[in-house]
Every structure is written in structure tokens, then in C-alpha cells.
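# Fold and geometry: a report
Okay, here's what each chain looks like letter by letter:
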Amino acid sequence: MDDNYKIAFEKTRLAGSIAAGALKEVAKIIKPGIQTEYIDNLCYEFINDHGAYSAPLFYRGFPKSCCTSVNHVVCHGIPSKKILQEGDILNVDVTAFKDGWHGDTSRTFEVGEVSIKAKKLVKTTYEALMKAIKIVKDNIFLGDIGSIIQNHVEAEGFSVVQDFCGHGIGQSFHEEPNILHYGQKGTGEKIKTGMIFTIEPMINIGNYETKTLKDGWTAVTKDKSLSAQFEHTIGVTKDGCEIFTSLEKND
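Please read all numbers here as calculations on a predicted model, not as lab measurements.

Turning to the side chain of K98, a few remarks are in order. Mapped onto the fold, K98 is located in strand β4 (residues 89-98). Comment: no salt bridge for buried K98; closest opposite-charge side chain is D99, at 4.2 Å. At 3.4 Å, the side chain of K98 forms a polar contact with the backbone oxygen of G51. Contact partners of K98, with chain neighbours within four places excluded, come to L14, A15, I18, H50, G51 and A52.

So, on to the nonpolar core. One finds I145, I149, I191, F197 and I199 to be the most contacted residues of the largest nonpolar core, which totals 28 residues. Mapped onto this core, the elements with two or more residues apiece are α3 (116-135), α4 (142-155), β9 (196-199) and β14 (232-236). Beyond its immediate sequence surroundings of up to four residues, F197 is in contact with V136, I145, H167, G168, I169, I179, I191, H232, T233, I234 and V236. Grouped together as the second largest cluster of nonpolar side chains are 25 residues, A19, V26, I39 and V92 included.

Evaluation of the coordinates by the stated rule reveals seven salt bridges. The salt bridge partner of E37 is K64, with a shortest N-O separation of 3.5 Å. Taken as a pair, E37 in helix α2 (residues 36-49) and K64 in the loop between β1 (53-54) and β2 (67-70) lie far apart in primary sequence, 27 residues in all. The two residues E37 and K64 agree in class, both being buried. The shortest N-O distance in the salt bridge between E110 and K119 comes to 3.0 Å.

What follows covers the pairing of strand β8 (residues 175-179). As defined by bridge partners, strand β7 (residues 166-168) adjoins β8 across three bridges and the pair is classed as antiparallel. Pairing of G168 across the sheet is with E175, part of β8. The turn linking β7 back onto β8 is made up of six residues.

Ordered in space as β6-β10-β13, the three strands form an open sheet in which the pairing is antiparallel. Each edge of the sheet is formed by a strand with only one pairing partner; in this case those strands are β6 (159-160) and β13 (227-229). Pairing of strand β10 (residues 202-204) with β13, which is carried by three bridges, proceeds in the antiparallel orientation. Following the sheet pairing, M202 is matched in β13 by Q229.

Its 14 residues give α2 an end-to-end C-alpha distance of 20 Å, which sits within 8% of 20 Å, the value for a rise of 1.5 Å per residue. Those residues of α2 not exposed but buried are T36, E37, I39, D40, L42, C43, F46 and I47. Just past α2, the residue G51 takes up positive phi, approximately 70 degrees.

On to the pairing of β4. Judged by how many residues are buried, β4 sits mostly within the fold: nine of 10 residues are covered. Note that β1 and β4 share two bridges and pair antiparallel. Bridge pairing in β4 links Y53 to F97. Where β4 meets strand β5 (residues 101-110), 10 bridges bridge the pair, whose relative direction is antiparallel. Within β5, the residue paired with F97 across the bridge is H102. Remark: two residues form the turn of the hairpin made by β4 and β5, two consecutive strands paired antiparallel; D99 in that turn has positive phi of roughly 50 degrees.

This part takes up α3. Taking 1.5 Å per residue, 20 residues should reach 28 Å; α3 reaches 29 Å between its end C-alpha atoms and fits that length. What α3 keeps buried is the set A118, L121, V122, T124, T125, A128, L129, M130, A132 and I133.

Okay, the packing of α3 against α4 next. Contact geometry of α3 with α4 gives a least axis separation of 9 Å together with a crossing angle of 150 degrees. Considering their axes alone, α3 and α4 lie roughly antiparallel with respect to each other. In this structure, the crossing between α3 and α4 has a hand that is right-handed. Judged by residue contacts, T124, E127, A128, K131, A132 and I135 of α3 engage D144, I145, I148, I149, H152 and V153 from α4. The class makeup of the residues in the contact of α3 with α4 is seven nonpolar, two polar and three charged.

Reading guide: rules and limits
- Residues numbered from 1 in each chain as written.
- Predicted model: local features only at pLDDT ≥ 70, side-chain atom pairs only at ≥ 80, totals over all residues.
- Heavy atoms only, no water.
- Helix = DSSP H or I, 4+ residues; strand = E, 2+ residues; numbered from the N terminus.
- Buried < 20%, exposed > 50% of the residue type's maximum accessible area, 1.4 Å probe, protein only.
- Lys, Arg positive; Asp, Glu negative; His and termini not counted.
- Salt bridge = Lys/Arg side-chain N within 4 Å of Asp/Glu carboxyl O.
- Polar contact = N/O pair within 3.5 Å; in protein donor to acceptor, adjacent residues only side chain to side chain.
- Contact = heavy atoms within 4.5 Å.
- Core = buried A, V, L, I, M, F, W, Y, C linked by side-chain atoms within 4.5 Å.
- Pairing = 2+ DSSP bridges.
- Expected span 1.5 Å × (residues − 1).
- Axes fitted to C-alpha atoms, helices over the stretch in contact; angles between N-to-C directions.
- Parallel < 35°, antiparallel > 145°, perpendicular 65-115°, else oblique.
- Left-handed = near helix turned anticlockwise from the far one by under 90°.
- Nonpolar A, V, L, I, M, F, W, Y, C, P; charged D, E, K, R; others polar.

Written out as C-alpha cells, the structure is:
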């Protein structure tokens, strides 16, 4: 790997560790009765305390430091005075901007005791992400990522959101290529060593179709079914990839 890749990996590793650390703090406070705004404040303060900036804040006019997407909200939920209820599922999406580089990650949390169906959805979504990460290495196709996610998710009876995708990331928040979470093996661009991108499948219990609310951000399932998401920022190596936003050693 040449020196440019090494610098990019080092910088993304640092930003990613801060973003992951913010989610680790969020995990400690998730319970019924808290407001999503409280989660936003916690993420802002944690990232700021680590000498970084919350990239979503004011990005294209987004008003908060993280996204909090509850139940049928697929992504880009805006933190508010909304109170979490027992049985909710909640995705928190954070991006730290540190020394000119981004680290982007999200996780779906269970609030108190959730239904068996919701638990299966969360588990399947996480499995789909990790199965995709496991196959990433130099010279595979982008379609291979989408294929493995779609096959796993549909085998469990769920659907893959097609309106949103992962993305290249680095000194810009969103770069090429787009990382689709559905598709055919052996199709699309070839992945090369040194590429840095996110994989972030959004999985629905019902139909895959979504719509965006009048606020211009909040995306929800059209059929109001539950949706879950997990996301990591990864860097491609010759024989595999590195997860820059790992919460734990193997996560």
C-alpha cells in the first residue's frame, strides 16, 4: 500500500474511532423515557471533546449532530423532544470529522424489551453488514456486496431499501462510488486496494419502498413497517479490509 493510502487510512481510523466512541456512549444511556435530543447532545459533546466536529451538523441544512431514526423511520431522522418508548428500535447515525477526514457509522439499538420480530430484524441487519464486510477485498465487484446482503436479508423474509446506499468517504462526507445493498454478483465497478467507503444496509420488515417527509430529511417506510440499519466505514486491503468504526475488536 502506498504512502497516500497509509495517510488516508490513518486519518480515517482516527475519525472512525471517535465516531465509534460516540456510539459506545450512546449505548450506555439508551432506555425508555429519554428524548432523542438528549442523544444528539451527547454525540455532539463527545465528538467535540475529542477535537472533532459532527459532520451532519448543518450539512446541506441538516439541523442536528446525528440522525436518530425510530421504528419505521429508515434514515435521516431528526433528533427532537420525541421520547423513546419501551419496545422501540432506534438507529443512531454519527459522523466525526477530524483533521480533514470523516468516519461514519450507525447502529440500531433496542429500547427495553422489543418484539421477537423486531429483534430478528435487528439481528439480520447486523449479520448482513458483517457478511458483506467479510467478502470485501481487492478485485471483487461492488455487485458482490449488494448480492450477499440481499440474499441474506430476503432469505430471512425482509426487504432491502433501494433508495439509499453506502458511499465513498474521505476528505468529503460523500464521494464515489455508491455502494448498493442489493444487486447481482460479478456486476459493477471492481473494488481496489486503498478504497474507503461505507456499507450501511437499511432493512425493512415489510416492503422496501420509502418516502421522505415534508421536512426534506426524514425517510420512512411507505407501509409503516419497522426498519433497521447498521453502518461501518471500511478501507480495502489486498486480502480483505479494515473496519475503521469498530466498537469492539470484532464488531
